[in-house]
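If you want the building blocks of each chain, they are given just below.
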Amino acid sequence: QKEVEQNSGPLSVPEGAIASLNCTYSDRGSQSFFWYRQYSGKSPELIMFIYSNGDKEDGRFTAQLNKASQYVSLLIRDSQPSDSATYLCAVTGSNYQLIWGAGTKLIIKP
Amino acid sequence: DAGVIQSPRHEVTEMGQEVTLRCKPISGHDYLFWYRQTMMRGLELLIYFNNNVPIDDSGMPEDRFSAKMPNASFSTLKIQPSEPRDSAVYFCASSLRQGGDTEAFFGQGTRLTVV
């Protein structure tokens with residue numbers, strides 16, 4: 001059973017601080033890694049993807065991938081109340097199907 | 001494009017009734033996915049289509065669930081008969097292709113309540 005694990009939270013972070021979200025996966029054949037954001041009552045929307053070891057930055061967001069440790073993370077700098085949402089990690093298996101984590105609920109406190 | 005369009009947005013039905021959920025993918029997208037999301041189980045892939053052909057339906061929970069894609073612009077997910085445990089949010093998503101950097105675009109979802 002291929003799995004993607006996330007801490008369900010909630011993770012509470014003060015406004016302006018760095019929020020760190022983590023995800024581990026079991027399939028060593030996984031090739032692409034996605035972070036989606038889902039506001040309450042809304043549908044998931046893509047924040048960013050990464051497929052090479054290391055860091056990838058997009059504005060206030062940085063995705064970090066470590067394939068040896070089977071670990072992917074999302075850092076949000078200068079956290080804003082509007083970042084409060086559930087963050088879903090998704091990983092492609094060897095057959096390219098997306099396997100989803102259960103999500104981490106992030107709360108940014110003003 | 002208006003994005004992925006799902007209907008209805010909300011559905012309340014009695015146990016035993018047939019429920020049909022509808023989806024219009026983004027034009028030009030070759031892949032269509034049906035997901036179910038609950039608090040307990042998170043986001044689960046039910047079935048996906050490539051060029052209107054069902055590729056993997058291993059996530060469909062029971063024979064009560066069926067899905068069709070008669071053409072590139074329309075898909076349905078049917079539950080017959082419905083049961084209270086089917087209550088969930090059902091999402092349809094589409095993508096240009098699968099894998100790599102391909103983004104899946106989600107519809108707004110159908111919140112199904114079976115009483």
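Keep in mind the model is a prediction, meaning the values are calculated, not measured. (Residues numbered from 1 in each chain as written. Chains lettered and ligands numbered in written order. Predicted model: local features only at pLDDT ≥ 70, side-chain atom pairs only at ≥ 80, totals over all residues. Heavy atoms only, no water.)

Draft legend 1. Representation of the overall build of chain B within the structure. Per the secondary structure count, chain B includes zero helices and 11 strands. In sequence order, the secondary structure elements of chain B are arranged as β-β-β-β-β-β-β-β-β-β-β. Scaling as 2.2 N^0.38, a compact globule of 115 residues should have a C-alpha radius of gyration of about 13 Å, and chain B matches this with 13 Å. In terms of principal-axis extent, the alpha carbons of chain B reach across some 40 × 30 × 30 Å. Here chain B holds 115 residues, and the buried ones make up 49% of them. (Helix = DSSP H or I, 4+ residues; strand = E, 2+ residues; numbered from the N terminus. Rg over C-alpha atoms; globule rule 2.2 N^0.38 Å. Buried < 20%, exposed > 50% of the residue type's maximum accessible area, 1.4 Å probe, protein only.)

Draft legend 2. Just the sheet that holds strand β7 (residues 65–71) of chain B, in detail. Residues and elements named next belong to chain B. Taking strand neighbours across the sheet as the criterion, the four strands line up as β1-β3-β8-β7 in an open arrangement whose pairing is antiparallel. One side of each edge strand has no neighbouring strand; the edge strands of this open sheet are β1 (5–7) and β7. Averaged over all adjacent pairs, the angle separating strand axes in this sheet is 15 degrees, with direction ignored. The sheet contact formed by strand β3 (residues 19–24) and strand β8 (residues 74–79) spans five bridges and is antiparallel. (Pairing = 2+ DSSP bridges. Axes fitted to C-alpha atoms, helices over the stretch in contact; angles between N-to-C directions.)

Draft legend 3. Geometry of the interface of chain A and chain B. Listed by partner, the interface residues are 17 residues for chain A and 17 residues for chain B. Regarding the contact of chain A and chain B, the summed buried area is about 1,500 Å², with carbon and sulfur atoms giving 53% of it. Per-residue buried area on chain A facing chain B is highest for A:S43, A:Q97 and A:W100; these three make up 32% of the total on that side. Counting across the interface, chain A meets chain B through zero salt bridges. Our count for the contact surface shared by chain A and chain B stands at four residue pairs in polar contact (both at pLDDT 80 or more). (Contact = heavy atoms within 4.5 Å. Buried area = accessible area lost by both parts, 1.4 Å probe. Salt bridge = Lys/Arg side-chain N within 4 Å of Asp/Glu carboxyl O. Polar contact = N/O pair within 3.5 Å; in protein donor to acceptor, adjacent residues only side chain to side chain.)

Draft legend 4. Just the side chain of B:D86, in detail. You can see B:D86 is positioned in the loop between β8 and β9 (88–95). Overall, the relative accessible area of 1% leaves B:D86 in the buried class.

Draft legend 5. Representation of the state of the cysteines. Summed over all chains, the structure comprises two disulfides over all chains. Paired through a disulfide, A:C23 and A:C89 show a sulfur-sulfur distance of 2.1 Å. The S-S bond linking A:C23 to A:C89 shows a torsion near -70 degrees; that makes this disulfide left-handed. Taken together, the residues A:C23 in strand β3 (residues 19–25) and A:C89 in strand β9 (residues 85–92) connect sequence positions 66 residues apart. Overall, the relative accessible area of 0% leaves A:C23 in the buried class. Assessed through its relative accessible area of 0%, A:C89 is described here as buried. Across a sulfur-sulfur distance of 1.9 Å, B:C23 and B:C92 are joined as a disulfide pair. Taking the torsion about the S-S bond as the criterion, the B:C23 to B:C92 disulfide, at about -65 degrees, is left-handed. Placement of B:C23 in strand β3 and of B:C92 in strand β9 is noted, with a sequence separation of 69 residues between them. The class of B:C23 is buried, set by a relative accessible area of 1%. (Disulfide = S-S within 2.5 Å.)

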